[in-house]
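Below are the chains, spelled out letter by letter.
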Amino acid sequence: NIMFGCNNFCTYCIVPYVRGRERSREPKDIIREIEKLVEDGVVEIMLLGQNVNSYGKNLEQPMSFAELLREVEKIEGLKRIRFMTSHPKDLSDELIQVMKESKKICRHLHLPMQAGSTRILKAMNRCYTKEQYLELADKIRREIPDMALTTDIMVGFPGETAKDVEETIDVIKKVQYDNAFTFIYSMRTGTPAANMEQVPEVEVKRNFDKVLKTVQETARERVARYQGQVMDALVEEVNENDPTLVTGRLSNNTLVHFPGDASLIGQIVDVSLDVCHGFYYMGHRV
């Protein structure tokens, strides 16, 4: 964790009420903790916050998230840096530049969309429009062509119509996500959205299926483009379904399963991506 709490007050979310306002940790404490982890053999770290892009604003000596990443990158022995979650309204050109120039920041960015309809985004209090989101996604892909983009998509927010869902599907097709966490709106007591007009369950289910189908179709094409390539994978575990295999994670967050044993866990190895199975690969060590 590099920060706690949230200042955004999305109308469907209870986090700001239960965890309080944003509080950033001192950079020296974060760096010291990571250095200790690296000394213990850790090669990849994940920087966590409800909205990491607003890191550092409440520090006595303000520091941007991009500046923090520059400092983390200097840590010797650290091989990979990940972070989440990035709120689209706060993702700066400075951060894009740092990611572009970095040798350690993974080629994966989680950029929650929630909805593709500007009308619904306004009702959610997300503070960006469909057009602004698409412009940001386009800028990221333009500056860092090999960046994998994933997202969160909510279906069934109060007041959502079939037209709004088509707007969301339009964004999915234009951005071409590598993966997406697609879920149905769940009412949280105490949030403004709980008092809004809820969408009938049968309608939500129908719309969810349409959105999920689009995500699966577009993501499958994106992930499959790596087939036949050799990429480095961090071995995370022995495969739970087949003990003769291990599971590794590519820089772009895609999983690959290949022959190996527990001695490889924690190592970064070169793997040939032989066969794509939708959201993961089967491969072999090179």
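Here's a quick rundown of the structure. Every value quoted in this text rests on a predicted model; they were computed, and no experiment measured them.

In this section: the overall build of the protein. Check the secondary structure of the protein and you find eight helices and 12 strands. In terms of C-alpha radius of gyration, the protein reaches 20 Å, essentially the compact-globule figure of 19 Å for 286 residues. Overall, the C-alpha framework of the protein stretches about 55 × 50 × 35 Å when taken along its three principal axes. Per-residue burial over the protein gives 51% buried out of 286 residues. Element-wise, carbon and sulfur atoms account for 51% of the exposed surface of the protein, whose accessible area totals about 14,000 Å². Distance between charge centroids for the protein: 3 Å, based on 38 positive and 43 negative side chains.

This part takes up the pattern of salt bridges. Within the structure shown, the criterion is met by 24 salt bridges. The shortest N-O distance in the salt bridge between Lys139 and Asp93 comes to 2.7 Å. Of this pair, Lys139 sits in helix 6 (residues 130–143) while Asp93 sits in helix 4 (residues 93–101), placing them 46 residues apart in sequence. Close ionic contact of Lys174 with Asp170 constitutes a salt bridge, the shortest N to O distance being 3.0 Å. Within this pair, Lys174 and its partner Asp170 are both found in helix 7 (residues 162–175), separated by four residues, close to a single helical turn. Using a relative accessible area of 53% as the deciding quantity, one classes Lys174 as exposed. Linked by salt bridges that have partners in common, Glu44, Arg80, Arg82 and Asp232 make up one network.

What follows deals with the pairing of strand 10 (residues 255–259). Judged from the five bridges that link them, strand 9 (residues 245–250) and strand 10 form a sheet pairing that is antiparallel. Its bridge partner lying in strand 10, Val246 is registered against Phe258. Taking the residues between adjacent antiparallel strands as the criterion, strand 9 and strand 10 are bridged by four residues, where Asn253 takes a positive phi near 85 degrees. One ladder, built from three bridges, connects strand 10 with strand 12 (residues 280–285); its direction is parallel. For Val256, the partnering residue across the bridge sits in strand 12 and is Tyr281.

Another aspect to go through is the packing of aromatic side chains. A full pass over the atoms with the stated rule returns five aromatic pairs. Aromatic side chains Phe157 and Tyr185 sit 5.7 Å apart centroid to centroid with 75 degrees between the ring planes, which places their arrangement in the edge-to-face category. Placement of Phe157 in the loop between strand 6 (148–155) and helix 7 and of Tyr185 in the loop between strand 7 (179–184) and helix 8 (201–224) is noted, with a sequence separation of 28 residues between them. Just as Phe157 is buried, Tyr185 falls in that class too. Pairwise contacts between aromatic rings join Tyr12, Phe157 and Tyr185 into one cluster.

Proteins that are soluble and globular tend to have nonpolar side chains buried together. Of all hydrophobic cores here, the largest spans 66 residues; its most connected members are Leu47, Phe65 and Val72. Setting aside chain neighbours within four positions, we find Val72 in contact with Ile31, Ile34, Ile45, Leu47, Leu78 and Ile81. Counting residues in hydrophobic clusters, the runner-up holds 15 residues, among them Ala233, Val256, Leu273 and Cys276.

Let us now look at the sheet that holds strand 12. In spatial order, the strands read 8-9-10-12-11; together these five strands close into a barrel with mixed pairing. In this sheet, adjacent strand axes meet at a mean angle of 50 degrees when their direction is disregarded. In the sheet, strand 8 (residues 230–238) pairs with strand 11 (residues 268–277) via five bridges, with the strands oriented antiparallel. Within strand 11, the residue paired with Met231 across the bridge is Val271.

The next thing to look at is the environment of Arg119. Turning to its location among the elements, Arg119 is positioned in helix 5 (residues 118–124). Arg119 sits 19 residues away from Asp138 along the chain, and the two C-alpha atoms are 21 Å apart. Dropping the residues within four chain positions of it, Arg119 is found in contact with Gly159, Glu160, Thr161 and Asp164. Side-chain polar atoms of Arg119 contact the backbone oxygen of Gly159, separated by 2.8 Å.

To continue, consider the packing of helix 7 against helix 8. The geometry of helix 7 relative to helix 8 is characterised by a closest axis approach of 10 Å and an angle of 5 degrees between their N-to-C directions. With respect to helix 8, the element helix 7 is oriented roughly parallel. Across the interface between the two elements, Val165, Glu166, Ile169, Ile172 and Lys173 from helix 7 touch Asn207, Lys210, Val211, Thr214, Val215 and Thr218 from helix 8. Grouping the constituent residues of the contact of helix 7 with helix 8 by class yields five nonpolar, three polar and three charged.

Criteria and thresholds
Residues numbered from 1 in each chain as written. Predicted model: local features only at pLDDT ≥ 70, side-chain atom pairs only at ≥ 80, totals over all residues. Heavy atoms only, no water. Helix = DSSP H or I, 4+ residues; strand = E, 2+ residues; numbered from the N terminus. Rg over C-alpha atoms; globule rule 2.2 N^0.38 Å. Buried < 20%, exposed > 50% of the residue type's maximum accessible area, 1.4 Å probe, protein only. Areas by Shrake-Rupley, 256 points an atom, 1.4 Å probe, with all protein chains shown as cover. Lys, Arg positive; Asp, Glu negative; His and termini not counted. Charge placed at Lys NZ, Arg CZ, Asp CG, Glu CD. Salt bridge = Lys/Arg side-chain N within 4 Å of Asp/Glu carboxyl O. Pairing = 2+ DSSP bridges. Phe/Tyr/Trp six-rings, centres within 6.5 Å; stacked < 30°, edge-to-face > 60°. Core = buried A, V, L, I, M, F, W, Y, C linked by side-chain atoms within 4.5 Å. Contact = heavy atoms within 4.5 Å. Axes fitted to C-alpha atoms, helices over the stretch in contact; angles between N-to-C directions. Polar contact = N/O pair within 3.5 Å; in protein donor to acceptor, adjacent residues only side chain to side chain. Parallel < 35°, antiparallel > 145°, perpendicular 65-115°, else oblique. Nonpolar A, V, L, I, M, F, W, Y, C, P; charged D, E, K, R; others polar.

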